[in-house]
Amino acid sequence: MELTTFRIPEIPNDKVVLLNISKSYNADENTPPMFVRKNDYEMTRKYWTVNLDIVREAEYAFGVANGIVVAVFTDLKWDYIDCPFICSMRKGFTGRRVDDSPYLGLDLSKYMSIRNPFRYVNIEVPKR
């Protein structure tokens, strides 16, 4: 998978990782257990396949559901975490919620993709 960084006019300078939490956000009785989470913090923070060297540069993590920013976190500390649903190690963060973020409610649907559940914004990604 080729990694790229996005430049988004509505996010001119902040270094952000966009995390597509739509599966968890829209969970129902038919949703696989891996995607069922108790709140948007748990939906946003764990079980990602991100590159730690890149994501540790992010100032913010946005939980994006159905193309809309529904949660914003900062003071991120990313690391490997156990994932009880699959064999491989995944990554997750701890962080602090930003309830008054101007990014809450921002429509980023044209930048999100089901094929790639995360996007780096304004973070330099090394060329392969």
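Residues numbered from 1 in each chain as written. Predicted model: local features only at pLDDT ≥ 70, side-chain atom pairs only at ≥ 80, totals over all residues. Heavy atoms only, no water.

Participant: Provide a residue-level description of the packing of aromatic side chains, including the pertinent values.
Facilitator: A complete count under the given rule lists eight aromatic pairs for this structure. Arranged with centres 5.0 Å apart and planes meeting at 40°, the rings of phenylalanine 62 and tyrosine 103 form a pair that is tilted. Taken as a pair, phenylalanine 62 in strand β4 (residues 60–65) and tyrosine 103 in the loop between β6 (90–97) and β7 (118–121) lie far apart in primary sequence, 41 residues in all. An identical accessibility class is assigned to phenylalanine 62 and tyrosine 103; each is buried. Judged by centre distance (5.9 Å) and plane angle (50°), the ring pair of phenylalanine 73 and phenylalanine 93 falls under tilted. Placement of phenylalanine 73 in strand β5 (residues 68–81) and of phenylalanine 93 in strand β6 is noted, with a sequence separation of 20 residues between them. (Phe/Tyr/Trp six-rings, centres within 6.5 Å; stacked < 30°, edge-to-face > 60°. Helix = DSSP H or I, 4+ residues; strand = E, 2+ residues; numbered from the N terminus. Buried < 20%, exposed > 50% of the residue type's maximum accessible area, 1.4 Å probe, protein only.)

Participant: I'd like a rundown of the pattern of salt bridges, residues and numbers included.
Facilitator: By the definition in use, this model includes eight salt bridges. The residue glutamate 124 makes a salt bridge to arginine 7 at a minimum N-O spacing of 2.7 Å. Within this pair, whereas glutamate 124 is found in the segment after β7, its partner arginine 7 is found in the loop between β1 (5–6) and β2 (16–20), the two being separated by 117 residues in sequence. Here glutamate 124 falls in the exposed class, since its relative accessible area comes to 52%. The exposure class of arginine 7 is partly exposed, given its relative accessible area of 48%. Residue arginine 97 pairs with aspartate 99 through a salt bridge whose shortest N-O separation is 3.9 Å. Residue aspartate 99 is classed as exposed on the basis of its relative accessible area of 62%. Within this structure, Asp40, Arg97 and Asp99 form a network of salt bridges that share partners. (Salt bridge = Lys/Arg side-chain N within 4 Å of Asp/Glu carboxyl O.)

Participant: Any details on the nonpolar core? Residues and values, ideally.
Facilitator: Among the nonpolar cores identified, the biggest contains 21 residues, and Val17, Leu19, Trp78 and Tyr120 are the most heavily contacted of them. Those elements giving two or more residues to this core turn out to be β2, α3 (52–55), β4, β5 and β7. Residue contributions to this core peak at four residues, all from β5. Here valine 17 is in contact with Val55, Ala58, Tyr60, Ala61, Phe62, Trp78, Phe118, Arg119 and Tyr120, once residues within four sequence places are set aside. Among the nonpolar cores identified, the runner-up in size contains 15 residues, and Val16, Val98, Tyr103 and Leu106 belong to it. (Core = buried A, V, L, I, M, F, W, Y, C linked by side-chain atoms within 4.5 Å. Contact = heavy atoms within 4.5 Å.)

Participant: Describe unusual backbone geometry, with residues and values.
Facilitator: Residue tyrosine 47 is not a glycine yet carries a positive backbone phi of 75°. Examined against the element boundaries, tyrosine 47 turns out to sit in strand β3 (residues 46–48). The class for tyrosine 47 is buried, based on a relative accessible area of 11%. For asparagine 66, which is not a glycine, the phi torsion comes out positive at approximately 55°.

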